[in-house]
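Architecture and fold: a report
Here is how the chains run, residue by residue.
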Amino acid sequence: MVAVAPLSAPKYRLSLRLSLIPETYREELPTSSFVRPFSQPTGIHYPDRLVKTRPPFSWVGGKRQLLPVLRDWVPPKIDIYGEPCVGGGALFFNCVFNERRLVEGGLAYLSDRNADLINDYQFLRDDPKALMKELSRPEYANNELAYWKVLLFHLRTPVERAARLHYLQKTSHTGLYRETKEGFDVPFGHRANPKIMDKRRIMALHQALQGVAVFHGGFEDVLKKLPKTCPKGKTVFVYFDPPYIPLPKKSQAGRRVTSFTSYTKDGFTLQDQRKLAQVFRICHERGFHIMASNSNSPLVSKLYAGFNIQTILATRKSSCKPATRGPIPETVIMNYRPEDGFRLVS
Ligand SMILES: C[S@@+](CC[C@H](N)C(=O)[O-])C[C@H]1O[C@@H](n2cnc3c(N)ncnc32)[C@H](O)[C@@H]1O
């Protein structure tokens, strides 16, 4: 009888993956060959009967559970919307689009540094049929062998990469997306019946993304796309939700806190945080309304001194360890006061 090595221990799976897979199979497509170039937004058009659109991905640090608070702080009428660290887009889909806060014909700019994510958004917007056809193939099955095959070998074409991201979201452990220098490294989730191909959801997203600019880039690139000054009588609203400033492991009243920055291979450094605060200030000088989320770190108070800084409680699931998942304070920085008619701070 042949002994079969157990595939259930995450450590074993990781070493299997990294040591036994030849380099050639791990070769990734260069970003420029699978992410489409920037194209100008043509404006949002709401259908007569608006179907509520659920965000495409549940992303680490996603803002879904903070919406009851954030909703009151988002301007009720927006002419131009920018979200340069869009991730799963919880604020855009749930609040800005579903609540029609962006005016009819209003312009939206969504971007992110994660090329796979942007490639997926572009398929949802431009070619959902190709995405659904790919996801219908038997390779995207809910079992561990299929999971590792998709994870390791399906990197060849843009549509395979888009389908792979959808598939991993539905089948990986807690749907977590985490990238290291070697790539995506989350174990199989053993879920009972994940909806790997959700046609209704894909088509609702396709509709919501019509006329929206979705592009690959760093948060600073939004400055090149948005107007140099806020058009008179209009509201330009930008939401920055970057990877958070890491907190000391045992801060927050003795609780253990995890800090997640592995959304892309490059991570997010303190230098990036400083640059982001400068971009925030440039947007302020242009007369935009800006909101940013970050951790409850002393550096946030320093970088955003003079702005409206609020603290809220959030429950996070970026860690696999339940002990690190309780509610922790986060900050929301705004250059305006919602309670004062959204008046900009001077
Ligand atoms: C906290 S998540 C955003 C979550 C999102 N608001 C949601 O609700 O799903 C942070 C995002 O920033 C992106 N990111 C990381 N580095 C970046 C950079 N230099 N420029 C732009 N986006 C970046 C990550 O890929 C990730 O999607």
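Per chain, residues are indexed from 1 in the order of the written sequence. Only residues with pLDDT of at least 70 get local features here, since the model is predicted, and only at 80 or more are side-chain atom pairs given and counted; chain-wide, interface and lining totals rely on the full set of residues.

With that settled, consider the overall build of the protein chain. Check the secondary structure of the protein chain and you find 13 helices and 11 strands. The burial criterion counts other C-beta atoms lying within 10 Å of a residue's C-beta, which is placed from the backbone; the residue is buried at 20 or more, exposed at 12 or fewer, and partly exposed between these limits. For the protein chain, the proportion of its 346 residues judged to be buried stands at 37%. Placing C-beta atoms from the backbone, we regard two residues as in contact once those atoms come within 7 Å. Expressed as a percentage of contacts within the protein chain between residues at least 6 apart in sequence, the contacts between residues at least 24 apart total 75%. A run of DSSP states H or I qualifies as a helix once it reaches four residues; a run of E qualifies as a strand once it reaches two. Both are numbered from the N-terminal end.

Below, the discussion takes up the environment of Asn296. If you trace the backbone, Asn296 turns up in the loop between strand 7 (289-295) and helix 13 (298-303). For Asn296, a count of 21 C-beta atoms within 10 Å translates into the label buried. Remark: the alpha-carbon pair of Asn296 and Glu330, spanning 34 residues in sequence, is separated by 4.7 Å. Discounting residues that sit within four places of it in the chain, Asn296 has contacts with Thr311, Pro329, Glu330 and Thr331.

A word on helix 7 (residues 128-135). Taken together, the buried positions of helix 7 are occupied by Leu131, Glu134 and Leu135. For helix 7, the angular spread of buried residues about the axis comes to 95 degrees, placing them on one side. Summarising the contacts, the buried residues of helix 7 are in contact with helix 6 (115-126), helix 9 (158-171) and helix 10 (199-208). Think of it as the arc spanned by the lines of direction from the helix axis to the C-beta atoms.

Between helix 6 and helix 9, the shortest axis-to-axis distance is 9 Å and the interhelical angle comes to 100 degrees. When the axes of helix 6 and helix 9 are compared, the pair comes out roughly perpendicular. In this structure, helix 6 uses Asp116, Leu117, Asn119, Asp120 and Phe123 to contact helix 9, whose residues at the interface are Pro158, Val159, Arg161, Ala162, Leu165 and His166. Each residue receives one of three labels: charged for Asp, Glu, Lys and Arg, nonpolar for Ala, Val, Leu, Ile, Met, Phe, Trp, Tyr, Cys and Pro, and polar for the others, Gly being one of them. Class assignment for the residues of the contact of helix 6 with helix 9 results in 6 nonpolar, 2 polar and 3 charged. Comment: axis = line fitted to C-alpha atoms, over the contacting stretch for helices; angle = value between 0 and 180 degrees taken between N-to-C directions. Here is the rule for angles: anything less than 35 degrees is roughly parallel, anything more than 145 is roughly antiparallel, 65 through 115 is roughly perpendicular, and the remaining ranges are oblique.

Across the interface, helix 7 lies against helix 10 with an axial gap of 10 Å and an inter-helix angle of 160 degrees. Put simply, helix 7 runs roughly antiparallel to helix 10. In this structure, helix 7 crosses over helix 10, and the sense of that crossing is right-handed. In this structure, helix 7 contributes Pro128, Leu131 and Met132 to the contact, and helix 10 contributes Lys199, Ile202, Met203 and His206. Grouping the constituent residues of the contact of helix 7 with helix 10 by class yields 5 nonpolar, 1 polar and 1 charged. Crossings are sorted by hand: turned counterclockwise from the far helix by less than a right angle, the near helix makes the crossing left-handed, and turned clockwise it makes it right-handed.

Once that is clear, we can look at the nonpolar core. Joined through C-beta atoms within 7 Å, a set of buried Ala, Val, Leu, Ile, Met, Phe, Trp, Tyr and Cys residues constitutes a nonpolar core. Formed by 73 residues in total, the largest nonpolar core has its most connected members in Val96, Ala108, Leu110, Val238, Phe240, Phe280 and Ile290. With residues near it in sequence (within four places) discarded, Ala108 still touches Pro41, Ile44, Tyr81, Leu102, Val212 and Ala213. Formed by 6 residues, the second largest nonpolar core is a distinct cluster that contains Trp59, Val60, Tyr177 and Val186.

We now examine the pairing of strand 9 (residues 327-334). The criterion for strand pairing is that DSSP finds at least two bridges linking the strands in question. One ladder, built from 5 bridges, connects strand 7 with strand 9; its direction is antiparallel. Within the sheet, the bridge partner assigned to Ala292 lies in strand 9 and is Ile333. Looking at chain direction, strand 8 (residues 308-315) and strand 9 are connected through 8 bridges and run antiparallel. Across the sheet, Leu313 pairs through a bridge with Pro329, a residue of strand 9.

Read these as geometric descriptors, not functional statements.
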